[in-house]
Amino acid sequence: MSDLAVAPTGPARAAPWLHEIPASARRDMRVPARVYADEFLWERIRGDASLTQLMNVATLPGVHDAVYAMPDVHEGYGFPVGGVAAMRVEDGVVSPGGVGYDINCGVRLLVSELDRKALGTRLESLTHDLSRSIPSGWHANPELQLGPADLDRVLREGSAALVDRGLATPEDLTYTEAGGSLAGADPAAVSDRARSRGHDQLGTMGSGNHFVEIEVVDEILDAAAATVFGLRQGQVCVLIHTGSRGLGHQVCTDYVRLMGEVMPRYGITLPDPQLACAPIDSPEGQRYLGAMCAAANFAFANRQVITDAVRDAFGRAFGESGGLRLLYDVAHNIAKLEEHGGRKLWVHRKGATRAFGPTHPETPVAYRSAGQPVFIPGSMGTASYVLAGTDAALAGSFGSTCHGAGRALSRRAAKRAQSGGEVRKILEDQGIVVRCPSSAGLAEESPEAYKDVHRVVNVVEQAGLARRVARLRPVGVVKG
DNA sequence: ATGTAC
């Protein structure tokens, strides 16, 4: 797609960080495709498969206004990672590929009352304890095997199902997107195979780019917003990144297959079969949305059970839990029913984070003067960012921002570039404690395999899609 | 991302 010209009119002229492919660029596009990127990132994106994928998304029936790519965009299954598309409820479709295989992959940040100095010599043992007490990789959770009724409740209620078990507090729910509980969940739409893959995976981290990291607040970038979020320099935090594990993966597999089969019945033709979809108001569309919400609830609950394990580990290290408070939990792989410009839309965000501003009713009351918190994990061993959503993001990207640094090298290319042992040494030389049994996993997640998170975050800030609040620095890394 | 192939 390198032969495509950037549109000479519209936002592309007014804003150097926004590039527009007009709908007229291809016969099958219904709306323009807009990409947030600086010149450096745009030069890489404009010839990349992810841009073709974004233009493919712009052909979907009922797609509203425009489709967007964030500066961390890269190729995904059908729909690019870092993509946003809003589908009208009346005539739109829902596409499992537009949510991704890891339904409600997301990030939460726990904030302690401890200072870096209080960590002292306990960092090594605390990191080790986290790696022992949070199952990762292929491991199940031996302490939480859910029977059918218990699993049903988690699928229906998400984190709210955990309050009775003492694994969540009401305050945790307040500071989770959607209260950690999506109302549209339909446990009956989740297949037996998906249930059997998930029943022993609640409270497990998984592998790939999933992690639990001990962080220190390295720099405050917006003092007022940091105060609202309760963040101060030197403070110890824990960043948790995981999703719905095998359960969500199976839901995606099931519905990509089903929609691929029934699409001809609805007269839908696509440029890429990986974008398999069904009308929102069809039985298959409704069933997927019910299963997707159930898998999303499982993911909220998964991060909540891990939160309980982190609090226990801090308790063992410091005698009490260190006051670990949930700052916020936000999804970056999900479709949500939202109102934009008076219209009801199913907003697909895949590798994109909701970033509502101060005036949005879903922004927690305590954060109304700052905006909804957003967490941007950088590559392993580099910085992560706390951002605040803006009201301007509503018009600029259906209230969305980026989700991470974004892959620059494929997993295979990353393994060719560096060995796991080399990556481990680079991290340890920086004083970072690493617990990761998989050497190949370390190589795949090496900083070299990712774009520059600082550059990505600068783009979304310049574009007004989020404001930088604080930068975090990892001191303990736990991976699968 | 993922019992990395029903």
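Going along each chain's sequence as written, the residues are numbered from 1 onward. Numbering of ligands from 1 and lettering of chains from A proceed in the order in which they are written. Whole-chain, interface and lining totals are the exception, using all residues; otherwise, since this is a predicted model, local features are given only for residues with pLDDT of at least 70 and side-chain atom pairs are given and counted only at 80 or more. To obtain the side-chain values, all non-hydrogen atoms of the structure were included, while hydrogens and water were left out.

> Describe in detail the sheet that holds strand β3 (residues 67-74), supporting the description with residues and values.
The six strands are arranged β1-β2-β3-β4-β12-β11 in an open sheet whose pairing can be described as mixed. A single partner strand is all that each edge strand has here, and the edge strands are β1 (18-21) and β11 (333-340). Strand after strand, the sheet turns through a mean of 20° between neighbouring axes, direction not considered. In this description, strands pair whenever DSSP reports at least two bridges between them. Helix numbers and strand numbers start at the N terminus; a helix is a DSSP run of H or I with at least 4 residues, a strand a run of E with at least 2. Note on geometry: axes are C-alpha line fits, over the in-contact stretch for helices, and angles between N-to-C directions span 0 to 180 degrees.

> Lay out the nonpolar core with the relevant residues and their values.
What makes a nonpolar core is a set of buried Ala, Val, Leu, Ile, Met, Phe, Trp, Tyr and Cys residues whose side-chain atoms join them at distances within 4.5 Å. We call a residue buried when its accessible area falls under 20% of the maximum for its residue type, exposed when it is over 50%, and partly exposed in between, using a 1.4 Å probe and counting protein chains only. Counting 99 residues, the largest nonpolar core has V67, L202, V251, Y288 and M292 as the members making the most contacts within it. Looking at this core element by element, the count peaks at 12 residues for helix α11 (residues 283-318). Here, residues are in contact when the closest pair of their heavy atoms is within 4.5 Å. In contact with Y288, other than residues within four places in its own chain, are V94, P96, V99, I103, V251, Y255 and M259. Among the nonpolar cores identified, the runner-up in size contains 48 residues, and L126, L231, L239 and A309 belong to it.

> Please set out helix α6 (residues 148-157) residue by residue, giving values where relevant.
L151, V154 and L155 are the residues of α6 that are buried. An end-on view of α6 places all buried positions within 100° of arc, on one side of the element. Here the buried face of α6 lies against α8 (192-198), α10 (245-262) and α11. Two residues or fewer after α6 comes G158, characterised by a positive phi angle close to 65°. Starting at the helix axis, one direction is taken to each C-beta atom, and the arc is that of these directions.

> Give me the lowdown on the pairing of β3, citing residues and values where you can.
One face of the sheet, then the other: side chains in a regular strand alternate in exactly this way. With eight of eight residues buried, β3 lies mostly within the body of the structure. Pairing of strand β2 (residues 33-36) with β3, which is carried by three bridges, proceeds in the parallel orientation. Counterpart to A33 in the pairing with β3 is V67. Two strands pair when backbone bridges link them, and β3 and strand β4 (residues 81-88) are joined in this way by three bridges, in the antiparallel orientation. Residue pairing across strands places H74 opposite V81, the latter belonging to β4.

> Tell me about the protein's contact with DNA strand B, and name the residues and values.
Taken together, 15 residues lie near DNA strand B, and R197, G208, N209, R245 and R411 sit nearest. Note on definitions. A residue lies near a molecule or strand when any single heavy atom of the residue is within 4 Å of it. A share of 59% is what sugar and phosphate atoms reach among the atoms of DNA strand B within 4 Å of the protein. Polar contacts, as used here, are pairs of N or O atoms within 3.5 Å; protein pairs need one atom able to donate a hydrogen and one able to accept it. Residues neighboring in sequence count only if both atoms are side-chain atoms. Contact distances for DNA strand B include 2.5 Å between a phosphate oxygen and a side-chain N or O atom of R245. Within the side chain of R411, an N or O atom sits 2.6 Å from a phosphate oxygen of DNA strand B. Of all the elements in the fold, those that place two or more residues in the surface near DNA strand B are α8 and α10. No other element matches the three residues that α10 contributes to the surface near DNA strand B.

> Please provide a residue-by-residue account of the layout of surface pockets, values included.
Only protein atoms enter the calculation, which uses a 1 Å grid: trapped sets of points that fit a 1.4 Å probe without letting it out are cavities, open sets showing protein on both sides within 12 Å along at least five of seven lines are pockets, and any residue with an atom within 4 Å of a point is a lining residue. Grid points are joined across faces, edges and corners, and a volume is the space filled by probe spheres set on the points. In this structure, the largest pocket encloses a volume near 1300 Å³. Surrounding the largest pocket, 50 residues form its lining, H74, V81, N209, R407 and R411 being those nearest its centre. Here the lining of the largest pocket takes four residues from helix α2 (residues 39-45), the largest share from any one element. Tallied by class, residues from the lining of the largest pocket come to 15 nonpolar, 21 polar and 14 charged. Along its surface, the second largest pocket is lined by 21 residues, and S133, I134, P135, N141 and E143 are the ones closest to its centre. Elements with a contribution of two residues or more to the lining of the second largest pocket: α5 (123-133) and α11. Element by element, the count of residues in the lining of the second largest pocket is highest for α11, at five residues. Classification used: nonpolar for Ala, Val, Leu, Ile, Met, Phe, Trp, Tyr, Cys and Pro, charged for Asp, Glu, Lys and Arg, polar for all others including Gly.

> Summarise the pairing of strand β6 (residues 106-115); cite the residues concerned and give the values.
Burial of β6 is extensive: eight of the 10 residues sit out of reach of the surface. Inspection of the sheet shows β6 paired to strand β8 (residues 235-242) by seven bridges, in the antiparallel sense. Pairing of L109 across the sheet is with L239, part of β8. With six bridges connecting them, β6 and strand β10 (residues 325-331) associate as antiparallel partners. Bridge pairing in β10 links L110 to L326.

> Describe unusual backbone geometry, listing the residues and the values that go with them.
Positive phi is not limited to glycine here, since A178 has a value of about 60°. On the secondary structure map, A178 appears in the loop between α7 (170-174) and α8. If you check the backbone angles, F398 has positive phi at about 55° while not being a glycine. Tracing the backbone through its elements, the reader meets F398 in the loop between α12 (392-397) and β16 (400-401).

> Any chance you could break down the confidence of the model for chain A for me, citing the residues and the numbers?
Detailed reading of the predicted coordinates is not advisable wherever pLDDT is low. For chain A, mean pLDDT is 95; residues scoring 70 or higher make up 97% of the total. pLDDT expresses, on a scale from 0 to 100, how confident the predictor is about each individual residue. Within the model, the stretch residues 1-13 combines pLDDT values under 50 with 26 contacts to residues more than four positions away or in other chains.

> Can you tell me about the packing of α6 against α11, naming the residues and giving the values?
Orientation of α6 relative to α11, taken along the N-to-C sense of each, is 100°, at an axis distance of 6 Å. On the basis of the axis angle, α6 is roughly perpendicular to α11. Residues L151, V154, L155, R156 and E157 of α6 lie in contact with α11, whose contacting residues are A294, N297, F298 and A301. Residues of the contact of α6 with α11, tallied by class, amount to six nonpolar, one polar and two charged. Angular relationships are summarised with four words: roughly parallel below 35 degrees, roughly antiparallel beyond 145, roughly perpendicular across 65 to 115, and oblique for the angles in between.

> A description of helix α14 (residues 420-429) should follow, citing residues and the corresponding values.
When α14 is considered as a whole, its buried residues turn out to be G420, V423 and L427. For α14, the angular spread of the buried residues around the axis is 65°, confining them to a single face. In this structure, the buried residues of α14 make contact with β17 (433-435) and α15 (439-444). A positive backbone phi angle near 85° is found at G431, which sits one or two residues after α14.

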